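# Coordinate analysis (summary)
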Amino acid sequence: MTDAAETNSENATQLLSQRSKEAEAAMPAVEDFFRAVAHKVRARLVNRSSVDIPVRVAGVEVKALSVVLADSEYREGSIYSLLRFNPLGLPGMIVLQGALLGRIVGTMLGEDPEESSHEGGVKALTPVEQKIAHRVCGDLVSELDDGWPIAPKPRIDVDPPAASPRSVTGNVLNTEVFAATFDFGPPTNPYGLLCCAIPVQAFRALAGPVVIEREKSTQRLI
């Protein structure tokens, strides 16, 4: 390995280490943000269906977008909607389990979600499923936008939901994201999962003041 190659390798390692530390420092603020979003998404579902569907954040992890798409929970029959965080031009993603979409569709059409027999995934979206999936993703994006804790907030553009992630290719797959898993339904009768992935770079840059202030508070307590 040449000196230049070694220097580049060391710089890349240092950059990854720094990003990892920054993501770790930002994680508490990110988790709080997603919990607030889950609470508001629950309220949106109540308004749309008159049925109270519990929504919880099961966990938040830092991973590549390719890992999100490879997760066995979402590998088959899921709904995908690509997000773009502008002006940074960074990609994110909403992945909705087909079984969960079926429950939500049934609930909005007046069915009892506790008695839903919808199983498996969605092979091709019907017009009704497409409309409701778009509504669910749109509601989630609206709550992301309304609750973004740091100014200036990004503009979040969302692609129409599709039954395939084929549009997600190339370097987009390597994007590091905060991946939040939302668990819908009662713990004893879960309806399904939704994953919301926000690019780490976008959130780290915008959550920086929160992290800095937390570190200052910690130092004052020492």
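Use the structure listed above.
Note that the structure is a prediction, hence the values are computed from the model and not measured.

Quick notes on the rules
- Residues numbered from 1 in each chain as written.
- Predicted model: local features only at pLDDT ≥ 70, side-chain atom pairs only at ≥ 80, totals over all residues.
- Heavy atoms only, no water.
- Helix = DSSP H or I, 4+ residues; strand = E, 2+ residues; numbered from the N terminus.
- Buried < 20%, exposed > 50% of the residue type's maximum accessible area, 1.4 Å probe, protein only.
- Salt bridge = Lys/Arg side-chain N within 4 Å of Asp/Glu carboxyl O.
- Pairing = 2+ DSSP bridges.
- Contact = heavy atoms within 4.5 Å.

Moving on: the environment of Tyr191. By the secondary structure assignment, Tyr191 is in the loop between β5 (176–184) and β6 (192–199). Owing to a relative accessible area of 6%, Tyr191 belongs among the buried residues under this scheme. On a C-alpha basis, the gap between Tyr191 and Gly102 in space is 9.0 Å, while along the polypeptide they are 89 residues apart.

Turning our attention to the pattern of salt bridges. Applying the stated criterion across every chain yields a total of 10 salt bridges. Between Arg35 and Asp32 there is a salt bridge; the shortest N-O distance is 2.6 Å. With Arg35 and Asp32 both in helix α1 (residues 3–49), this residue pair falls three residues apart, about one helical turn. The exposure class of Arg35 is partly exposed, given its relative accessible area of 45%. It is possible to trace a salt-bridge network through shared partners that takes in Arg44, Arg48, Asp139 and Glu143.

Further remarks concern the pairing of β6. For β6, the tally of buried residues reaches eight of eight residues, placing the bulk of the element in the interior. Going residue by residue along β6, you find Gly192, Leu194, Cys196 and Ile198 tucked away on one face and Leu193, Cys195, Ala197 and Pro199 tucked away on the opposite face as well. Relative to β6, strand β3 (residues 90–96) runs antiparallel, the two being bridged by four bridges. Each bridged residue has a counterpart across the sheet, and for Ile94 the counterpart in β6 is Cys196. Inspection of the sheet shows β5 paired to β6 by eight bridges, in the antiparallel sense. When the sheet's bridge partners are listed, Phe184 is paired in β6 with Gly192.

Before going further, it helps to examine the pairing of β3. The buried count for β3 comes to seven of seven residues, which makes it a mostly enclosed element. Side chains Leu90, Gly92, Ile94 and Leu96 project from β3 onto one buried face, and the interleaved Pro91, Met93 and Val95 project onto a second face that is buried too. Of the strand pairs in this sheet, strand β2 (residues 79–86) and β3 are connected by seven bridges, and their pairing is antiparallel. Within β3, the residue paired with Ser81 across the bridge is Ile94. Between the end of β2 and the start of β3, which pair antiparallel, lie three residues, with Gly89 showing a positive phi angle near 70 degrees.

Take the environment of Phe34 next. Within the secondary structure layout, Phe34 lies in helix α1. Not counting chain neighbours up to four residues away, the residues in contact with Phe34 comprise Val57, Val60, Leu144, Phe178, Ala180, Phe182, Cys196 and Ile198.

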